[in-house]
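Structure assessment
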Amino acid sequence: MERLFQDWVNKYKETPDLPAREVVRIVFSHFEAHRDFYTLLNERGLVYLLKDIILNLCGFNPEQEMRAAYSSAYVAFFLYGWIEVWFRRGMKDTAEELIAYLPQ
């Protein structure tokens, strides 16, 4: 799972100040590209394993100053929540459809 995620992490780290729309596009495009693996992960009840990877990707560190810690956690758990719901809905919504639901 770590190796598979590394591609996604590398894309994100190339441009860390991406707007939320682009982060969602990268994340869900990654899941779509590896649909079989993530379907199996979901079927086995192992989606929670993504949480720490996403927290790390979003820069969360409990030693950060208060604003940074809560801001990075907010983004990470927003993303994790969308991912979990997407899996539960059968991964049928496209990245573009999800992006359309983000606030301007």
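Residues numbered from 1 in each chain as written. Predicted model: local features only at pLDDT ≥ 70, side-chain atom pairs only at ≥ 80, totals over all residues. Heavy atoms only, no water.

Some words on the packing of helix α2 (residues 20–33) against helix α5 (residues 66–88)
Quick note on the threshold: Only the contacting stretch of a helix is used when fitting its axis, a line to C-alpha atoms as for every element, and angles between N-to-C directions run 0 to 180 degrees. For the purposes of this entry, the term helix denotes a DSSP run of H or I that reaches at least four residues, the term strand denotes a run of E that reaches at least two, and both are numbered from the N terminus. Helix crossings are classified by the rotation of the near helix relative to the far one: an anticlockwise turn of less than a right angle makes the crossing left-handed, while a clockwise turn makes it right-handed. Here, residues are in contact when the closest pair of their heavy atoms is within 4.5 Å. Gly is placed with the polar residues, together with every amino acid not listed as nonpolar (Ala, Val, Leu, Ile, Met, Phe, Trp, Tyr, Cys and Pro) or charged (Asp, Glu, Lys and Arg).
As a packed pair, α2 and α5 sit with axes 12 Å apart at the nearest point and diverge in direction by 35 degrees. The two elements α2 and α5 meet at a crossing, and its hand is right-handed. Across from V23, V24, V27, F28, F31 and E32 in α2, the residues of α5 making contact are F78, L79, W82, I83, W86 and F87. By residue class, the composition of the contact of α2 with α5 is eleven nonpolar, no polar and one charged.

Describing the confidence of the model for the protein
Quick reminder of the rule: The predictor reports its confidence for every residue as pLDDT, a score running from 0 up to 100.
Per-residue pLDDT for the protein has a mean of 87; in total, 98% of the residues score no lower than 70. Across the protein, element-level confidence peaks in helix α3 (residues 35–43) with a mean pLDDT of 93 and bottoms out in helix α1 (residues 2–14) with 76.

Some words on α1
Inclusion rule: Expected span of a helix, by definition, is 1.5 Å for each gap between consecutive residues, and there is one gap fewer than residues. Relative accessibility thresholds used throughout: buried, under 20% of the residue-type maximum; exposed, over 50%; partly exposed, between the two (1.4 Å probe, protein chains only).
For α1, with 13 residues, the first-to-last C-alpha span of 18 Å sits near the 18 Å given by 1.5 Å per residue. Buried within α1 are the following residues: F5, W8, V9 and Y12.

With respect to the packing of aromatic side chains
To be explicit about the condition: Here a pair means two rings of Phe, Tyr or Trp (six-membered ring of Trp) with centres within 6.5 Å. Their orientation is stacked below 30 degrees between planes, edge-to-face above 60, and tilted elsewhere.
Across all of its chains, the model carries nine aromatic pairs by this definition. Summarising the aromatic geometry, the rings of F31 and W86 are spaced 6.1 Å apart at their centres and angled 35 degrees between planes, so their arrangement reads as tilted. Separated by 55 residues along the polypeptide, F31 in helix α2 and W86 in helix α5 bring together distant segments of the chain. Classification of F31 as buried rests on a relative accessible area of 0%. Judged by centre distance (4.9 Å) and plane angle (50 degrees), the rings of F78 and W82 are tilted. Here F78 and its partner W82 are both found in helix α5, four residues apart, which amounts to about one turn of the helix.

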